[in-house]
Amino acid sequence: MTLPALGVLGGTFDPIHFGHLRLAQELADALGLARVRFIPTGTPPHRDAPTVSGTHRLQMVRTAIAGNPLFEADDREIRREGISYTYDTLSELREQLGKRPLCLLMGADAFTTLTTWHRWQELFDLAHVVIAHRPGFRLQELQAALPAPLHKIYLQRLAGAPGRLPANAGAIITREITALDISATRIRALLAQGFSPRYLAPDAVLEYIAHNHLYKDSDAR
Ligand code: ATP
C-alpha cells in the first residue's frame, strides 16, 4: 500500500469485548494499518435494535480503546437519523480520505451476510474488505457458506499479500487471528442472570456497565 491504510470496524458493540479488540489489534499489525476506527452502529438494518443506547455503546468503546494510540472511535452512525448503512459511512470516509486505502474489517461470520447489506457490491469501490478468521478455519468452509454472487466476487477479488495491494479499495483479504469465542450476546446473558462477565471484556467497560446499571433486564436502556 502506498499511503498507510485506515481500518474501519463497525459493530453494535453492545457491549464491546476482547474479541473485537483483538481482531482490531491483530489486523492492524498484520496489515500495517495506520489506525483502526471503531464505529458503533446506529439503527442497524440487519438485526434487532441494540439493547442499550448509542451513547452508552459509544462510551463503552471509548473506555475500551483509551490508551491505545492505534485506535479511535467515530460517532457518525449513532448521530445519523434513521437506518444506518455501512455504504454511507464508507462513502463519507472515502471523501474525507482522498486516495488513502480504507480497509473494512470484519469477522468471517459477518462476511457471509454481505449480500444483505445495502449496495453491497459497491462497498468494494470504497474499501478493501478484510476477513478475520480463526486459526485452522479452512477457507473452503467460508466459501461454502457464501451465496453464489458473493462467492463469485470473493474469488475475483481475493488478494495475495497485503503489501501488494494494487489500489485504495477493491480487494478481499483474509487473515488468521487468535480465536476468542466471545460474543456480546453471551456477556448480556451473563449479566442478565447475575453472573460475572469478567475476563471477557476490559474491566473499565464492565465498571461502566455496573455503574450505569446496563443489561440487568430488557429495560436497561
Ligand atoms: P452480538 O453477540 O450482539 O451479535 P457480537 O459480539 O457478534 O455481537 P458485533 O458488534 O455484532 O459483536 O460484531 C462486530 C464485528 O466484530 C463483526 O465483524 C464480528 O464478526 C466481529 N466479532 C465479534 N465477535 C468476535 C470475536 N469473538 N472474534 C472475532 N471477531 C468478532
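Thresholds, definitions, all that
Residues numbered from 1 in each chain as written. Predicted model: local features only at pLDDT ≥ 70, side-chain atom pairs only at ≥ 80, totals over all residues. Heavy atoms only, no water. Helix = DSSP H or I, 4+ residues; strand = E, 2+ residues; numbered from the N terminus. Rg over C-alpha atoms; globule rule 2.2 N^0.38 Å. Buried < 20%, exposed > 50% of the residue type's maximum accessible area, 1.4 Å probe, protein only. Contact = heavy atoms within 4.5 Å. Areas by Shrake-Rupley, 256 points an atom, 1.4 Å probe, with all protein chains shown as cover. Lys, Arg positive; Asp, Glu negative; His and termini not counted. Charge placed at Lys NZ, Arg CZ, Asp CG, Glu CD. Expected span 1.5 Å × (residues − 1). Near = heavy atom within 4 Å. Polar contact = N/O pair within 3.5 Å; in protein donor to acceptor, adjacent residues only side chain to side chain.

A. Layout of the overall build of the protein. Looking only at helices and strands, one finds 10 helices and six strands in the protein. In terms of overall dimensions, the protein is globule-like: its C-alpha atoms have a radius of gyration of 17 Å, near the 17 Å expected for 221 residues. Taken along the three principal axes of its C-alpha coordinates, the protein extends 50 × 35 × 30 Å. Looking at the 221 residues of the protein, the share that counts as buried comes to 48%. Contacts in the protein between residues far apart in sequence, at least 24 positions, make up 74% of those at least 6 positions apart. For the protein, the accessible surface area stands at approximately 10800 Å², while carbon and sulfur atoms represent 50% of it. The average position of the 24 basic charges and that of the 22 acidic charges among the side chains of the protein differ by 4 Å.

B. The arrangement of helix α2 (residues 54-65) in detail. Relative to the 16 Å expected for 12 residues at 1.5 Å per residue, α2 spans 16 Å between its end C-alpha atoms, a close match to the ideal helical length. Gly67 sits one or two positions beyond α2 and adopts a positive phi of about 95°.

C. Region of the structure containing the site of the ligand. Around the ligand, the surrounding shell holds 19 residues, and the nearest of these are His17, Asp109, Leu180, Ala184 and Thr185. Contacts to the ligand include Phe13, whose backbone N or O atom sits 3.2 Å from an oxygen atom. Between an oxygen atom of the ligand and a side-chain N or O atom of Thr185, the distance comes to 2.5 Å. Here the ligand, which alone exposes 610 Å², has 84% of that area covered by the protein. Broken down by secondary-structure element, the contributors of at least two residues to the shell around the ligand are β1 (6-11), α1 (18-31), β4 (102-107), α5 (108-111) and α9 (184-192).

D. Quick look at the side chain of His17. Here His17 shows up in the loop between β1 and α1. The buried category is assigned to His17, whose relative accessible area is 5%. Ignoring any residue separated from it by four or fewer positions in sequence, one finds His17 in contact with Ile182, Ser183, Ala184, Ile187, Leu200 and Ala201.

E. Local environment of unusual backbone geometry. The residue after Asp14, namely Pro15, is reached through a cis peptide bond having omega 5°. Its place among the elements puts Pro15 in the loop between β1 and α1. Backbone geometry at Phe13 places phi at a positive 50°, although glycine is not the residue there. Residue placement: Phe13 occurs in the loop between β1 and α1. For Phe13, a relative accessible area of 1% gives the class buried. Phi angles above zero are rare outside glycine, and Tyr215 is one such case at about 65°.

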